[in-house]
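Commentary on secondary and tertiary structure
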Amino acid sequence: TNGTWDYCWGEWGENVKVTTESFGNLTINFNLNAQEITTSSEAVEIVAPVITLKTPTLLLEDEIKLNIYFDIDQDIPLENMGMLTWSSKPDVVDISTAENIFPGATFNGASYGVNTDGIPAQNLGDVIYFCIYAKLADGSIAYGKQVQYSPTQYAYNQLNGGATPEAKALYVAILNYGAAAQVFLNDTDALINAKLTDAQKALVEEYRADMVHSVAMPNATKQGALAGNGGFSAKQPTISLDSAFAINYYFTPSNAVDGDMTFYYWNAEDFAAADVLSVENATGSMVMTKDGNRYGAAIEGIAAKDIDGALYACGVYTDVNGNTYSTGILPYSLGFYCGNQAKGEGALADLAAAIAVYGYYAASYFA
């Protein structure tokens, strides 16, 4: 605000009598002779940007995600843009009503983009209502057009359009996987693969045992000091099925654990590169969670293209007497699990087979 000052603190040069400084739209005039400071500002009109949506895409390499591309006619920082989503059509399109907010955008040189979190296969047919937002310099928020879309809609558009045969096979495989997940969860009212034509179904082979591979147990020399030494009463891996897959490991020690139990794992590349496995050459490690006398850890974020990739894991702990115990190296893979389950009958066997087929075509497509 305009005003006067009583005194200056500090040394001023003899020639510093009147000076002007500008800060964006604000100008400050320092007049030492008149002992006054005056300010002025230029009003700037904030114009809402035009946000133009482009064709959404389905990301499948790591997780199943819906990616929304858009253009915007103003230079707005990437961190000030994002996407709002709803599971049903909102009465009011506003950041305060959004069920999910995905802040931040990317730019690939041609278009901006924002993607959802991972989508479980059984939800691929769910409609997502979304709009792009942009935070402006004055703190207001501009919104693009609110539209609806679903991953299944994108898959069928590609199948009925000009996608390559390899891409079409992948979309058929993922629709079959999603439908098998629906059946497994007793959600059979609207199976997402119901609209596949016979010609589209024929793009994907039925499950075969050779689509997945077993994982061999490493010999004692390879396991080294991590070879199992009898300190466990149970070693139990299971899997989780979501937009990305996970292998869960549960270990029950036979002795009282002193401190934490540590989980180590190796991917196929690091396993092959190591002459002898050790905690130093592990791909990763983590402290295991404790539930009673059972310890747990998980290798998460396994993409469909990697479900047949071998993983090796072990748990290590020290007892109250200072003795160290290891589970030994446990070889496992999602493909191995699916192959075993697919030998049976019922919804789980069908789901396991569909996952194996999806992984088979994903690995081929992204190779």
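Heads up: the structure comes first, above all this text.
All figures in this text were calculated on a predicted structure; none of them were measured in a lab. (Residues numbered from 1 in each chain as written. Predicted model: local features only at pLDDT ≥ 70, side-chain atom pairs only at ≥ 80, totals over all residues. Heavy atoms only, no water.)

Now for the overall build of the protein chain. Helix and strand counts for the protein chain stand at seven helices and 23 strands. Burial analysis of the protein chain (367 residues in total) assigns 41% to the buried set. Within the protein chain, contacts between residues at least 6 apart in sequence are counted, and of these 62% link residues at least 24 apart. (Helix = DSSP H or I, 4+ residues; strand = E, 2+ residues; numbered from the N terminus. Buried < 20%, exposed > 50% of the residue type's maximum accessible area, 1.4 Å probe, protein only. Contact = heavy atoms within 4.5 Å.)

Below, the discussion takes up the sheet that holds strand E20 (residues 294-302). The strand order across the open sheet built from four strands is E15-E16-E20-E19, with neighbouring strands paired in antiparallel fashion. Only two strands of the sheet have a single partner each, and these edge strands are strand E15 (232-240) and strand E19 (289-291). Across the sheet, the mean angle separating the axes of adjacent strands is 25° when strand polarity is ignored. Across eight bridges, E15 lies against strand E16 (residues 245-253) in antiparallel orientation. If you follow Ser 240 over to E16, its bridge partner there is Ala 246. (Pairing = 2+ DSSP bridges. Axes fitted to C-alpha atoms, helices over the stretch in contact; angles between N-to-C directions.)

Looking now at the environment of Ala 298. By the element assignment, Ala 298 lies in strand E20. Ignoring any residue separated from it by four or fewer positions in sequence, one finds Ala 298 in contact with Ile 247, Asn 248 and Met 286.

What follows deals with the packing of aromatic side chains. A complete count under the given rule lists 16 aromatic pairs for this structure. Here the aromatic rings of Phe 70 and Tyr 112 are separated by 5.6 Å at their centres, their planes lie at 25°, and the arrangement is stacked. Of this pair, Phe 70 sits in strand E7 (residues 65-72) while Tyr 112 is found in strand E11 (residues 112-115), placing the two residues 42 residues apart along the sequence. Of the two residues, Phe 70 and Tyr 112, neither departs from the other in class, the shared state being buried. Following the ring pairs from residue to residue traces out a cluster consisting of Phe 232, Tyr 249, Phe 251, Phe 263, Tyr 265, Tyr 317 and Tyr 325. The lysine or arginine in question, Lys 222, covers the ring of Phe 271, its NZ or CZ lying 4.5 Å from the ring centre. Positioned over the ring face of Tyr 250 is Arg 294, at 4.0 Å from the centre of the ring. (Phe/Tyr/Trp six-rings, centres within 6.5 Å; stacked < 30°, edge-to-face > 60°. Lys NZ or Arg CZ within 6 Å of the ring centre and 35° of its normal.)

What follows concerns unusual backbone geometry. In this structure, Asn 186 is a non-glycine residue whose phi angle is positive, near 60°. Relative to the helices and strands, Asn 186 resides in the loop between helix H2 (165-184) and helix H3 (198-201). A relative accessible area of 68% means that Asn 186 is categorised as exposed.

Now for the environment of Phe 102. Relative to the helices and strands, Phe 102 resides in strand E9 (residues 100-103). For Phe 102 and Met 81, which are 21 residues apart along the polypeptide, the C-alpha to C-alpha distance reads 8.9 Å. Setting aside residues up to four positions removed in sequence, Phe 102 forms contacts with Gly 82, Met 83, Thr 85, Val 114, Asn 115, Thr 116, Asp 117 and Tyr 133.

Between its first and last C-alpha, helix H7 (residues 347-365) extends 27 Å over 19 residues, near the 27 Å set by a 1.5 Å rise per residue. For H7, the full list of buried residues reads Ala 349, Leu 351, Ala 352, Ala 353, Ala 354, Ile 355, Ala 356, Val 357, Tyr 358, Gly 359, Tyr 361 and Ala 362. In this fold, the buried residues of H7 make contact with H2, E16 and helix H6 (334-341). (Expected span 1.5 Å × (residues − 1).)

Once that is clear, we can look at the nonpolar core. Core analysis: the biggest nonpolar cluster contains 82 residues, and Phe 70, Tyr 249, Phe 263 and Tyr 358 have the highest contact counts within it. In terms of residue count, the dominant contributor to this core is H2 (12 residues). In this view, Phe 263 contacts Tyr 249, Phe 251, Gly 284, Ser 285, Met 286, Met 288, Ala 297, Ile 299, Ala 313 and Cys 314; residues no more than four positions away in its chain are not counted. Judged by nonpolar contacts, the second largest core, of 13 residues, contains Val 215, Phe 271, Ala 274 and Ala 310. (Core = buried A, V, L, I, M, F, W, Y, C linked by side-chain atoms within 4.5 Å.)

In this section: H2. For H2, spanning 20 residues, the distance from its first C-alpha to its last is 29 Å, which sits close to the expected 28 Å at 1.5 Å a residue. Two residues or fewer past H2, Asn 186 is found with a positive phi of approximately 60°.

At a closest axis distance of 8 Å, the pairing of H6 and H7 adopts a crossing angle of 140°. Between H6 and H7, the angle falls in the class oblique. Of the two possible hands of crossing, H6 and H7 adopt the one that is left-handed. Touching Tyr 337, Cys 338 and Gln 341 of H6 are Leu 348, Ala 349, Ala 352, Ile 355 and Ala 356, all from H7. Classifying every residue of the contact of H6 with H7 by side-chain character gives seven nonpolar, one polar and no charged. (Parallel < 35°, antiparallel > 145°, perpendicular 65-115°, else oblique. Left-handed = near helix turned anticlockwise from the far one by under 90°. Nonpolar A, V, L, I, M, F, W, Y, C, P; charged D, E, K, R; others polar.)

By themselves, these observations are geometric and do not establish any function.
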